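A closer look at the structure
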Amino acid sequence: DGGITQSPKYLFRKEGQNVTLSCEQNLNHDAMYWYRQDPGQGLRLIYYSQIVNDFQKGDIAEGYSVSREKKESFPLTVTSAQKNPTAFYLCATQRGGFETQYFGPGTRLLVL
Amino acid sequence: DAKTTQPPSMDCAEGRAANLPCNHSTISGNEYVYWYRQIHSQGPQYIIHGLKNNETNEMASLIITEDRKSSTLILPHATLRDTAVYYCIVRVQGSSNTGKLIFGQGTTLQVKP
């Protein structure tokens with residue numbers, strides 16, 4: 001939403017390949033989140049970070065990795081260990097104190 | 001698991017008010033009611049939230065019952081662009097949890113001309 005950008009909009013992964021999804025924000029929000037959405041399903045939390053240089057596993061972290069070296073950026077890597085990566089990936093940010101969470105436009109990952 | 005119950009689908013005529021109900025009978029005293037919507041292939045969009053009192057903003061109104069066990073999101077003059085899946089979420093604010101949002105199945109609102 002507005003100050004949250006995700007790129008690319010569509011991403012294709014080959015078998016055994018790692019791919020990285022970008023999430024950038026200019027809202028000066030402390031917390032950032034990665035969710036995965038499968039067709040007709042709700043969102044599931046992959047990883048989250050409440051402060052720079054710190055992040056925590058969510059409910060479905062296996063096969064994914066993240067980093068939070070800058071406040072503005074929270075990239076998600078989908079590794080070859082993730083056997084079913086096809087999904088819609090959503091990044092969200094939150095100012096802190098568990099205030100309203102805002103979402104980016106999403107990246108759709110497809111496996112070739 | 002989602003702590004809310006919503007009808008799977010609703011229709012509304014363009015220009016009329018859309019009233020989307022949500023049951024949250026197990027809501028705790030410190031849990032807020034949030035509404036988001038998701039238009040196909042886009043990220044969820046925040047609409048409104050509230051604790052006890054009714055709330056209104058430029059997008060919608062939120063009516064919460066006195067016992068807080070249910071709420072209604074009102075889109076006063078629905079347009080075709082309001083066609084989306086609407087999610088009602090209860091969420092603790094200000095505590096040391098993950099902050100994650102738990103999305104249920106939501107209500108698919110179809111606005112018809």
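Residues numbered from 1 in each chain as written. Chains lettered and ligands numbered in written order. Predicted model: local features only at pLDDT ≥ 70, side-chain atom pairs only at ≥ 80, totals over all residues. Heavy atoms only, no water.

Here we take up the sheet that holds strand β8 (residues 84-92) of chain B. Residue and element names in this part refer to chain B. Reading across from one edge, β1-β9-β8-β3-β4 is the order of the 5 strands in this open sheet, with mixed pairing throughout. Every other strand in the sheet has two partners, leaving β1 (9-13) and β4 (45-50) as the edge strands with one partner each. Direction aside, the axes of adjacent strands within the sheet are offset by 25° on average. (Pairing = 2+ DSSP bridges. Helix = DSSP H or I, 4+ residues; strand = E, 2+ residues; numbered from the N terminus. Axes fitted to C-alpha atoms, helices over the stretch in contact; angles between N-to-C directions.)

In the predicted model, chain A carries a mean pLDDT of 92, and the fraction of residues at 70 or more is 96%. When pLDDT is averaged over each element of chain A, strand β7 (residues 64-66) of chain A comes out on top at 98 and strand β2 (residues 10-13) of chain A at the bottom at 92. (pLDDT = per-residue confidence, 0-100.)

Residues and elements named next belong to chain A. Counted under the stated rule, the structure contains 7 salt bridges over all chains. Salt-bridge contacts for R44 lead to D38; the nearest nitrogen and oxygen are separated by 2.7 Å. The network of salt bridges with shared partners includes R36, D38 and R44. (Salt bridge = Lys/Arg side-chain N within 4 Å of Asp/Glu carboxyl O.)

With that settled, the discussion passes to the interface of chain B and chain A. Accessible area lost when the parts come together is the quantity often used to give the size of an interface. Listed as interface residues are 24 residues of chain B and, on the opposing side, 24 residues of chain A. A combined buried area of about 1,700 Å² lies between chain B and chain A, and 50% of that area is made up of carbon and sulfur atoms. Our count for the contact surface shared by chain B and chain A stands at 0 salt bridges. Joining chain B to chain A, the criterion identifies 6 residue pairs in polar contact (both at pLDDT 80 or more). The set of elements that each furnish at least two residues to the side of chain B that touches chain A consists of β3 (31-38), β4 and β8 of chain B. Across the side of chain B that touches chain A, the residue classes tally to 8 nonpolar, 14 polar and 2 charged. (Contact = heavy atoms within 4.5 Å. Buried area = accessible area lost by both parts, 1.4 Å probe. Polar contact = N/O pair within 3.5 Å; in protein donor to acceptor, adjacent residues only side chain to side chain. Nonpolar A, V, L, I, M, F, W, Y, C, P; charged D, E, K, R; others polar.)

Spatial strand order, β2-β7-β6-β5 (chain B): 4 strands in an open sheet with antiparallel pairing. At either end of the open sheet lies a strand with only one pairing partner, and these are β2 (18-23) and β5 (55-56) of chain B.

So, on to the environment of T83 of chain B. Residues and elements named next belong to chain B. Residue position: T83 is located in the loop between β7 (70-75) and β8. Residue classification places T83 among the partly exposed positions, given a relative accessible area of 24%. For the pair T83 and R37, spaced 46 residues apart in the sequence, the C-alpha separation amounts to 9.2 Å. Setting aside its immediate chain neighbours within four residues, T83 contacts I39, L109, Q110 and V111. (Buried < 20%, exposed > 50% of the residue type's maximum accessible area, 1.4 Å probe, protein only.)

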